[in-house]
Amino acid sequence: MTLAVFNVDFRGLPHREATSANPAVAHAVIGIDTLLTEASKTLFGQVVEPEIDVRAGEGTGDFEVDLGFRVDAGKARCAALTGRGFFANPRPEVVLKALGFVNVDRTPEEEAALPEGWCDGLVELLMHLDGRCPVKVYLTGKNVDVDAGHEERYVASNPAYQLYKNRRVRQGLQALADALRNNEIAEIAVSERDTGREVFVLKASHINAFALSEPDDVLLVEKVQTMALTLNAPVFRNTEYWFFNNGLQNVKARMCDKNFLSVIDSGIFELQPGDVLVANVLVKTHHTREAGLVSTYEVVGVLDTRRAATDILVPGI
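(A) Spotlight on the overall build of the protein. For the protein, the helix and strand inventory stands at eleven helices and 13 strands. Scaling as 2.2 N^0.38, a compact globule of 317 residues should have a C-alpha radius of gyration of about 20 Å, whereas the protein reaches 27 Å, well beyond that. Oriented by its inertia axes, the alpha-carbon framework of the protein measures out at about 85 × 50 × 40 Å. Burial status across the protein gives 38% buried among its 317 residues. Counting contacts in the protein only where the partners sit at least 6 residues apart, residues at least 24 apart contribute 61% of the total. Averaging the coordinates of the 32 positive side-chain charges in the protein and doing the same for the 44 negative ones gives two points 5 Å apart.

(B) Region of interest: the sheet that holds strand 9 (residues 217-231). Here we have five strands rolled up into a closed barrel, ordered 9-10-11-13-12, and mixed in their pairing. Within the sheet, the average angular offset between the axes of one strand and its neighbour, ignoring direction, is 45°. Strand direction decides the pairing type here: strand 10 (residues 242-245) and strand 11 (residues 250-255), joined by four bridges, are antiparallel. Bridge pairing links Phe 244 to Val 251 in strand 11.

(C) How the structure looks around the pairing of strand 9. Bridge count for strand 9 against strand 12 (residues 276-288) is 13 bridges, and the pairing is antiparallel. Each residue of the ladder has a partner; that of Thr 226, found in strand 12, is Asn 280. Sheet analysis places strand 9 next to strand 10, joined by two bridges and oriented antiparallel. Within strand 10, the residue paired with Leu 231 across the bridge is Phe 244.

(D) View of helix 11 (residues 258-265). Those residues of helix 11 not exposed but buried are Phe 260, Leu 261 and Ile 264. On an axial view of helix 11, the arc spanned by its buried residues comes to 100°, and they lie on one face. Structural note: helix 11 exposes Lys 258 and Asn 259 on the side pointing more than 90 degrees away from its buried face. The elements touched by buried residues of helix 11 are strand 10, strand 11, strand 12 and strand 13 (292-306). N-cap assignment for helix 11: the residue whose side-chain oxygen lies 3.2 Å from the backbone N of Asn 259 is Asp 257.

(E) The nonpolar core, seen in detail. Residues Phe 10, Leu 99 and Phe 101 are the most contacted members of the largest nonpolar core, which totals 59 residues. Looking at this core, the element that brings in the most residues is helix 2 (residues 23-44), giving ten residues. Setting aside chain neighbours within four positions, we find Phe 101 in contact with Phe 6, Leu 35, Leu 96, Val 123, Leu 173, Leu 176, Val 190, Val 199 and Phe 200. One finds Val 251, Ile 264, Leu 271 and Val 281 within the second-largest nonpolar core, a separate group that totals 20 residues.

(F) Region of interest: the pairing of strand 5 (residues 143-149). Of all seven residues making up strand 5, six are buried, and the element is well covered by its neighbours. If you look at the hairpin formed by strand 4 (residues 136-139) and strand 5, you'll find three residues sitting between the two strands, and Gly 141 has a positive phi there, around 115°. Here strand 5 runs beside strand 6 (residues 152-157); their pairing, made up of six bridges, is antiparallel. Residue pairing across strands places Asp 145 opposite Val 155, the latter belonging to strand 6. Where strand 5 folds back on strand 6, the antiparallel hairpin that results is connected by two residues, among which His 150 adopts a positive phi of roughly 55°.

(G) Highlighting a nonpolar patch on the surface. A contiguous nonpolar surface patch, about 340 Å² in accessible area, is contributed by Val 218, Leu 220, Val 221 and Leu 293. With three residues, the top contributor of residues to the nonpolar patch is strand 9. You can see Leu 293 is positioned in strand 13. Given a relative accessible area of 57%, Leu 293 falls into the exposed group.

(H) Focus on the pattern of salt bridges. This model, assessed by the stated rule, comprises 23 salt bridges. Note that Arg 306 and Asp 304 form a salt bridge whose closest N and O atoms lie 2.6 Å from each other. A residue is classified by how much of its surface remains accessible, and Arg 306, at 17% relative accessible area, is buried. Asp 304 gets classed as partly exposed once you look at its relative accessible area, which sits at 25%. Where salt bridges share partners, they join Asp 9, Arg 11, Glu 187, Glu 198 and Lys 203 into one cluster.

(I) Representation of the sheet that holds strand 5 within the structure. In spatial order, the strands read 4-5-6; together these three strands make up an open sheet with antiparallel pairing. Where the open sheet ends on each side, the last strands, each with one partner, are strand 4 and strand 6. Averaged over neighbouring strand pairs, the angle between their axes works out to 20° when direction is ignored. Strands in contact with helix 7 (residues 122-129) are strand 5 and strand 6; relative to strand 6, the strand with the most contacts, it is inclined by about 170°.

Analysis parameters
- Residues numbered from 1 in each chain as written.
- Predicted model: local features only at pLDDT ≥ 70, side-chain atom pairs only at ≥ 80, totals over all residues.
- Heavy atoms only, no water.
- Helix = DSSP H or I, 4+ residues; strand = E, 2+ residues; numbered from the N terminus.
- Rg over C-alpha atoms; globule rule 2.2 N^0.38 Å.
- Buried < 20%, exposed > 50% of the residue type's maximum accessible area, 1.4 Å probe, protein only.
- Contact = heavy atoms within 4.5 Å.
- Lys, Arg positive; Asp, Glu negative; His and termini not counted.
- Charge placed at Lys NZ, Arg CZ, Asp CG, Glu CD.
- Pairing = 2+ DSSP bridges.
- Axes fitted to C-alpha atoms, helices over the stretch in contact; angles between N-to-C directions.
- Arc of directions from axis to C-beta.
- Polar contact = N/O pair within 3.5 Å; in protein donor to acceptor, adjacent residues only side chain to side chain.
- Core = buried A, V, L, I, M, F, W, Y, C linked by side-chain atoms within 4.5 Å.
- Patch = residues over 30% accessible without salt bridge, like charges linked within 9 Å, V, L, I, M, F, W, Y side chains within 5 Å.
- Areas by Shrake-Rupley, 256 points an atom, 1.4 Å probe, with all protein chains shown as cover.
- Salt bridge = Lys/Arg side-chain N within 4 Å of Asp/Glu carboxyl O.

This is a description of form; function is not addressed.
Following this line, the structure appears as structure tokens:
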């Protein structure tokens, strides 16, 4: 079994015997187990069965952590046959890298090639965000851009982003940081076992950065789309919603094209049920805690009107 290893040191505890009896440390150790288990499942799904060993080290408050995988050979082979090499050869060190629990050594040329705002894993991303929720996330392929607002943007790998948005991963990391609420623990250091090099150090000031705050409503998609909409019924008050059908579902939309409204309101042309509007529509889709996905529609520009009673069928624009 391939192992990925690191050390966690709860610094400041007065003596080694206090470590196992300290509820904050015990809760943090459980959090480490949750963190590594859920992070492994998030990245590799059912291909792996993670095995975590957390044991007391030689120093006061020091723990040695091992992460290993039992691999489902059948699922791994299926991944290989379909060209999904990432899942065909799952490696525990990939999980630690996505978490930011290992040092990444780069040449000066490699460092210079990194995008501005690059974060080596989830921990560094959360430290930069410092408890703030992103304004917007841009899925650009291999990497993910995280807009923190006020012209502040960070870039993380896709695996790190997958861990960022997993609630159980975040809860495990929060449990680790919450140990710092105990005044006896001065800081928590994660280091490489082989070299002893520190990867990162958490202090009490970092507790809020790792707290899991989840908004009730986030904007998921905001995009102008060209749509063909069949008018279900005439609308006589512009403040009301207009009701359409797009061939798949009924759509309730606000009419925000003032030029089009002025032509209709003047009585120059009338709209009838069945008329088709080809229009640019601003679609906003929110992800809400209570209702799931909620979409709103605003007609921002009517491009063409196809009148059911008189117009011949003409291809789209």
